[in-house]
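# Residue-level structural notes
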Amino acid sequence: MTSKGLKVPDDITVPFITGDGIGKEIMPVCKAVVDAAVKQAYNGNRSIEWLEVMAGQEAFKQNGAYLPDETIAAFREYLVGLKGPLKTPSGRGVRSLSIMLRQALDLYACQRPFRYFYGVTSPVKYPDRINLCVFRESTEDVYAGIEWPFGSEKGKRFGEFLLGELKEEKVRFPESTAFGVKPISREGTERIIRCAIDYALSHNRRSVTLVHNGNIMKYTEGAFVNWAYDMAEREYGTYLSSGRLVLSGITCDAFLQSAILHPEEYGVIVTSNLNGDYISDVFAAQVGGVGMSPGGNINYETGHAIFEATHGVASDIVGRNVANPCSLILAACMMLEYLGWKEAADLIVTAIERTLRQGITTADIADSFKHGNCVGTKEFGDALVNMMTSGTRVIR
Ligand code: NAI
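Residues numbered from 1 in each chain as written. Predicted model: local features only at pLDDT ≥ 70, side-chain atom pairs only at ≥ 80, totals over all residues. Heavy atoms only, no water.

### Observations regarding the environment of N373
Relative to the helices and strands, N373 resides in strand β12 (residues 373–374). Considering only alpha carbons, one finds N373 and V38, 335 residues apart in sequence, at a separation of 27 Å. (Helix = DSSP H or I, 4+ residues; strand = E, 2+ residues; numbered from the N terminus.)

What follows is the structure, given as structure tokens:
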């Protein structure tokens with residue numbers, strides 16, 4: 001997962017956004033776990049200096065801006081950062097801050113690894129069959145944000161152009177239709193497919209699966225598939241012909257069924273923006289919910305990357321010390337791997353495995369433990385640090 005050509009000094013500065021809601025509870029825990037892992041893995045020869053940057057409710061209170069320019073500038077300068085959840089500001093037409101950040105830095109690859117940790121509650125019988133990574137293109141598609149309110153000037157003009165100049169006859173109710181646009185480009189397709197294939201080759205995965213709706217949306221999703229195969233043939237032809245790499249396609253509806261029935265058939269999945277959103281939640285639900293699934297938003301060409309908890313601000317549990325910090329901690333592990341600090345990432349993942357195996361969990365994933373020990377956010381973090389620093393046992 002390491003970015004090609006990233007030169008990482010031993011002492012680095014990582015900008016971070018604490019986030020709204022439970023962000024204030026999980027971020028300090030996450031930083032403590034990461035610091036302990038880095039110290040343990042490198043005997044104090046490497047370190048992270050955490051640089052807090054503002055975004056969300058707190059930023060608005062202090063500066064009147066939800067996403068201040070200085071925050072974007074810090075991520076731009078330091079390349080790699082960490083982010084807690086941000087509440088989407090209320091109000092018509094206000095966009096998610098996470099999406100604004102991704103767009104500002106052109107973080108086109110939304111990378112979501114899914115694996116099961118033994119002992120976590122799951123609604124499926126064999127969650128341990130899931131061990132895969134989803135690559136979701138995150139700058140294009142119907143999620144690009146090109147749409148207009150019904151009755152707006154631009155919406156009207158777009159409708160007139162479509163119905164008048166282009167003589168499009170498929171709009172069922174022309175007088176009462178709101179419009180949006182689905183852009184899919186060859187460049188956008190090629191760069192996300194490249195990420196997925198590079199990941200497969202560097203992680204000993206053979207199969208890369210394109211999930212699409214090309215059977216219905218032939219000129220957008222269909223083009224996504226065609227451009228993907230063309231690029232793969234051109235740039236990875238030898239891997240394809242030797243059988244080291246197998247690139248195949250499946251329609252999204254068939255895939256969503258298969259994702260539940262036969263998840264073990266998949267190693268690397270690559271898809272467009274909207275499909276990727278749905279697919280990620282299908283796998284997250286099976287491995288323990290949003291509290292257990294991390295994400296990274298990456299531009300492999302510039303090196304910019306922001307790793308984040310994939311859940312929201314969880315207003316219903318704020319301030320109760322019950323939030324699961326694993327999504328953010330596992331996102332930090334992705335960050336460490338990306339930086340090439342794999343030893344520290346491995347220490348944390350092993351600590352999570354062992355801690356959960358001992359039945360120590362947060363409330364959201366605890367139900368199935370007959371003799372488990374459900375602990376708070378902070379105590380779970382302490383258990384991880386203990387596990388890393390004291391060897392294999394956690395002191396309860
Ligand atoms: P949510 O993820 O905040 O909550 C959904 C459910 O999951 C709630 O019951 C919550 O208690 C639970 N949950 C979430 N994270 C948890 C954790 N770590 N441990 C235990 N339980 C957890 O989703 P919702 O309610 O749809 O969104 C709330 C706000 O968060 C919205 O403003 C939304 O836009 C924003 N949001 C931000 C994201 C981001 O910054 N990446 C992602 C998703 C939502």
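### Quick notes on the packing of aromatic side chains
Per the counting criterion, the structure on display carries 12 aromatic pairs. Residues F16 and W50 carry aromatic rings whose centres are separated by 6.0 Å and whose planes lie at 90° to one another, so their mutual orientation is edge-to-face. One end of the pair, F16, is in strand β1 (residues 11–17); the other, W50, is in strand β2 (residues 47–52), and 34 residues separate them in sequence. With a centroid separation of 4.3 Å and 10° between ring planes, the pair formed by F60 and Y66 is classed as stacked. (Phe/Tyr/Trp six-rings, centres within 6.5 Å; stacked < 30°, edge-to-face > 60°.)

### Let's talk about the sheet that holds strand β10 (residues 305–309)
Strand order in the open sheet formed by 10 strands is β2-β1-β3-β10-β9-β4-β5-β8-β6-β7, and the pairing between neighbours is mixed. The open sheet has two edge strands, β2 and β7 (246–251), and neither has a second partner. For this sheet, the mean angle separating the axes of adjacent strands, direction not counted, is 25°. The strands touched by helix α1 (residues 23–42) are β1, β2 and β3 (80–83); relative to β2, the strand with the most contacts, the crossing angle is about 160°. Its contacts with the sheet place helix α6 (residues 186–202) against β4 (109–115), β5 (131–137), β6 (207–212) and β8 (268–271), and it is angled at close to 165° to β5. (Pairing = 2+ DSSP bridges. Axes fitted to C-alpha atoms, helices over the stretch in contact; angles between N-to-C directions. Contact = heavy atoms within 4.5 Å.)

### Brief notes about the nonpolar core
If you look at the biggest cluster of nonpolar residues, it comprises 95 residues, and the most contacted ones within it are I48, L82, F283, F307 and I348. Excluding residues within four positions of it along the chain, F307 makes contact with V80, G81, L82, K83, G295, G296, I298, A331, M334, M335 and Y338. Of all hydrophobic cores here, the second largest spans 13 residues; its members include I17, A55, L86 and L107. (Core = buried A, V, L, I, M, F, W, Y, C linked by side-chain atoms within 4.5 Å. Buried < 20%, exposed > 50% of the residue type's maximum accessible area, 1.4 Å probe, protein only.)

### Regarding the layout of surface pockets
Looking at the largest pocket, its volume works out to about 550 Å³. Looking at the largest pocket, it is lined by 24 residues, and the ones nearest its centre are P113, R115, N131, Y199 and E337. Only β4, β5, α10 (326–338) and α11 (342–357) provide two or more residues apiece to the lining of the largest pocket. Among the residues making up the lining of the largest pocket, the classes are represented as 15 nonpolar, 4 polar and 5 charged. (1 Å grid on protein atoms, 1.4 Å probe; cavity = no way out; pocket = protein on both sides within 12 Å on 5 of 7 lines; lining within 4 Å. Points joined across faces, edges and corners; volume = space filled by probe spheres on them. Nonpolar A, V, L, I, M, F, W, Y, C, P; charged D, E, K, R; others polar.)

These values are about where atoms sit, not about what they do.
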